[in-house]
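# Commentary on secondary and tertiary structure
Read off the chains here:
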Amino acid sequence: MSIKQMGEEEILTRPIYVLGHRNPDTDSIAAALGYAELKQQTGDDAVAARAGKPNPETQFALETFEVEPPILIASLRPRVRDVVRYGLVAAAPEASFSQAARLMRENRLKAMPVRDEEGRLAGIVSIADVMELYIDAVGLGDRAVTADDVRAVLERPVAEVMRREVVHFTLDDPLQDVRQVMAQTKHRSYPVVDEAGRLVALLSPSDLTDVPQQKVILIDHNSPEEAVPGIEEAEVLEIIDHHRLAGLQTASPLFIRMEPVGSSSTIVTTMFLERGLKPSRGHAGMLLSAILSDTLLFKSPTCTLQDRAMAEVLWEIAGVDWKVYGLAMLRAGSSLRDKPVGELITLDYKVFRLDGRRVGVGQINTMDLQETLERRGEFLEEMERRREADGLDAVLLMVTDPIEEGSEVLYTSADPQLMDVAFGRAEAAGSVFVPGMVSRKKQMIPLLTRAVSAVAGAA
Ligand SMILES: [Mn+2]
């Protein structure tokens, strides 16, 4: 992060986040790491970010190649930390009221926070408090105020006169909430505390008038539904992706690189080579992992010659046998026995809008289909619960066996006809094995899209 001087305040300029989709898969993490490195190599202040917890497969890859996961960005909604100016005037609790008053006058403040020895917010002291103190001391005009009265008040320690109930904010409070509180309380300024409760700054309403937008590069996704919450408040500089275009609107022109290849990491690797650069060994290993994962070891119909060619470049740099490593990685990611069904359904789960219908489709890979299907009933129950809770037309789960090359598709739908059309009279069984189906994007979504329009046409 770079620091630039503006007046006497230090303002941290925030880096560009290279950010993958929610429910991150290996591609979404690896392509973010790789592309952030490429941007850094070409002189940009870019940082890889992730929208959620790495899945077990990604965790295996990160550990194998000794790579730190990207930073977690759970929301792009601006927070107090994005606008706060650090550095502030505060009184010690043992200071006298007159000392505090002098500080306030020097700094043209009407109120000042009080900070204890540990640096925590202890209270707030204000010029207006002095009025109350006089009234307490001498009553309302019962007798004349003497110099001794004034001295007695001014010499009292701040700790005795401060207000301890203070409207304050934390660095992580969303500005949306802050604005509401400010509108209700109408103070000139509010103390801000960090995670440990330490006083770090004062925030005034004018700090919220010109909020800088977070700059982001979206990787491995382009739809607002898959992006981190608050994406509409950020500035999207670039999109690097291999999915269909799905409705993101931007305020400014942007750089877009989308290619129908098996993985975003393939595009990132291609961009390295186009610039005569290459990723570090660790990131090469991650990018390779993503290609192997997205293409299911080059077997998926989404796999192209370019995926294969880039993978070859990457395994040279990473120094691994792709087949041995790839199988170990898929196996690490597909150990499902101990996981609750709710977690498995959402592990790699996306909601699609297909011709007016909203359909959730999850996918898990397993090397042991039978073991997973022993819990079929449990899965279907949880999927139906989720479908109702989210008001979806259907929820599907692809349980994919990359070695057998096929998927057991579990489904629950408000409209059984839709599933009948999609999977050919599957008889409300709630599940059907589809040989050859391994890709959600290239096989399942087109199939569902056709079924949705067929049902709409018939109605
Ligand atoms: Mn991908």
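Just so we're clear, the structure is a prediction, and the values are computed from it rather than from any experiment.

The next thing to look at is the overall build of the protein chain. Looking only at helices and strands, the protein chain has 17 helices and 18 strands in total. C-alpha atoms of the protein chain, sized along the principal axes, occupy 95 × 55 × 40 Å. Taking all contacts inside the protein chain whose residues are at least 6 apart in sequence as the whole, residues at least 24 apart take part in 65%.

The next subject is unusual backbone geometry. A positive phi angle is found at Arg 108, which is not glycine, with a value near 50°. Of note, Arg 108 is situated in the loop between helix H4 (97–106) and strand E6 (111–115). In this structure Arg 108 comes out as exposed when scored by C-beta crowding, with 6 C-beta atoms within 10 Å. Here Lys 186, not a glycine, exhibits a phi torsion of approximately 55°, which is positive.

It is common to give the size of an interface as the accessible area lost on bringing the parts into contact. Taken domain by domain, the protein chain comprises domain 1 (2–76 + 214–333), domain 2 (83–207) and domain 3 (341–458). Measuring from the centre of the C-alpha atoms in domain 1 to the corresponding centre in domain 3 gives 27 Å. Counting residues at the interface gives 15 residues for domain 1, matched by 15 residues for domain 3. A per-class count over the side of domain 1 that touches domain 3 returns four nonpolar, six polar and five charged.

Here is the key point about a regular strand: its side chains alternate between the two faces of the sheet. Most of strand E4 (residues 46–50) sits inside the fold, with four of its five residues counted as buried. Sheet analysis places strand E3 (residues 16–19) next to E4, joined by four bridges and oriented parallel. Bridge pairing in E4 places Val 18 opposite Ala 48. The handedness of the E3 to E4 crossover, carried by helix H1 (residues 26–41), is right-handed.

All right, on to the packing of helix H2 (residues 56–64) against helix H12 (residues 322–333) then. One way to put it is that H2 packs onto H12 with a least axis distance of 7 Å and a crossing angle of 135°. Here H2 is positioned oblique relative to H12, judged by the angle of their axes. Between H2 and H12 the crossing geometry is right-handed. Residues Pro 56, Glu 57, Phe 60 and Ala 61 of H2 touch H12, and the partners they reach there are Met 329, Leu 330, Ala 332 and Gly 333. Taken together, the residues of the contact of H2 with H12 break down into six nonpolar, one polar and one charged.

The subject of this paragraph is the nonpolar core. In terms of nonpolar packing, the biggest core is built from 55 residues, with Val 18, Leu 19, Ala 32, Tyr 35 and Leu 288 touching the most fellow members. If one sorts the elements of this core by residue count, H1 sits on top with eight residues. Ignoring sequence-local partners within four residues, the contact set of Ala 32 consists of Val 18, Leu 19, Gly 20, Ala 48, Ala 49, Arg 50, Pro 70 and Ile 219. Core analysis: the second largest hydrophobic core is formed by 31 residues, Leu 344, Ile 345, Ala 422 and Val 452 among them.

Looking now at H1. Under the 1.5 Å per step criterion, the end-to-end length of H1 is 22 Å for 16 residues, consistent within 8% with the ideal 22 Å. Of all 16 residues in H1, 14 are buried, a share of seventy percent or more. With its phi angle positive at about 95°, Gly 43 sits one or two positions after the end of H1.

Here the focus is the sheet that holds strand E15 (residues 357–365). The sheet built from five strands is open, its strands ordered E14-E15-E16-E17-E18 with mixed pairing. Of all strands in the sheet, those bounded by a partner on one side alone are strand E14 (349–354) and strand E18 (431–435). This sheet shows a mean twist of 25° between the axes of neighbouring strands, independent of strand direction. The strands touched by helix H15 (residues 376–390) within the sheet are E15, strand E16 (394–401), strand E17 (406–413) and E18, with E17 carrying the most contacts at an inclination of about 50°. Relative to the sheet, helix H16 (residues 416–423) contacts E16, E17 and E18, its axis offset from that of E17 by approximately 160°.

Right, let's get into the sheet that holds strand E12 (residues 235–241). The parallel open sheet is built from six strands, whose spatial order is E5-E4-E3-E11-E12-E13. In this open sheet, the two edge strands, each paired with only one partner strand, are strand E5 (71–72) and strand E13 (255–258). In terms of strand pairing, strand E11 (residues 215–219) meets E12 through five bridges, oriented parallel. Considered in E12, the bridge of Ile 219 is made with Ile 240. Packed on one face of the sheet, H1 meets E3, E4, E11 and E12 and runs near 175° to E4. The strands touched by helix H9 (residues 264–274) within the sheet are E11, E12 and E13, with E12 carrying the most contacts at an inclination of about 100°.

Further remarks concern the pairing of E15. Of all nine residues in E15, eight are buried; the element is thus mostly enclosed. In sequence, E14 turns back onto E15 through a hairpin of two residues, with Asp 355 there showing a positive phi of about 50°. Direction of pairing for E15 relative to E16: parallel, over a ladder of seven bridges. Residue pairing across strands places Gln 363 opposite Met 398, the latter belonging to E16.

Following both chains from N to C, one finds H2 and helix H10 (residues 281–294) inclined at 150°, their axes separated by 9 Å at the closest point. Our classification of the angle between H2 and H10 gives roughly antiparallel. With respect to the hand of their crossing, H2 and H10 are arranged in right-handed fashion. Taking contact as the criterion, the partners of Glu 57, Ala 61 and Thr 64 in H2 are, on H10, Gly 285, Met 286, Ser 289 and Ser 293. Per-class residue counts for the contact of H2 with H10 are two nonpolar, four polar and one charged.

Before going further, it helps to spend a moment on H16. All of the buried residues along H16 are Leu 418, Met 419, Ala 422 and Phe 423. Buried residues in H16, looked at end-on, bunch into an arc of 105°, giving them a common side. At the C-terminal side of H16, Gly 424 shows a positive phi close to 70°.

What counts and what doesn't
- Residues numbered from 1 in each chain as written.
- Predicted model: local features only at pLDDT ≥ 70, side-chain atom pairs only at ≥ 80, totals over all residues.
- Helix = DSSP H or I, 4+ residues; strand = E, 2+ residues; numbered from the N terminus.
- Contact = placed C-beta atoms within 7 Å.
- Buried ≥ 20, exposed ≤ 12 C-beta atoms within 10 Å, placed from the backbone.
- Domains from an automatic or database assignment.
- Nonpolar A, V, L, I, M, F, W, Y, C, P; charged D, E, K, R; others polar.
- Pairing = 2+ DSSP bridges.
- Right-handed = clockwise from strand over helix to strand, strands pointing away.
- Axes fitted to C-alpha atoms, helices over the stretch in contact; angles between N-to-C directions.
- Parallel < 35°, antiparallel > 145°, perpendicular 65-115°, else oblique.
- Left-handed = near helix turned anticlockwise from the far one by under 90°.
- Core = buried A, V, L, I, M, F, W, Y, C linked by C-beta atoms within 7 Å.
- Expected span 1.5 Å × (residues − 1).
- Arc of directions from axis to C-beta.

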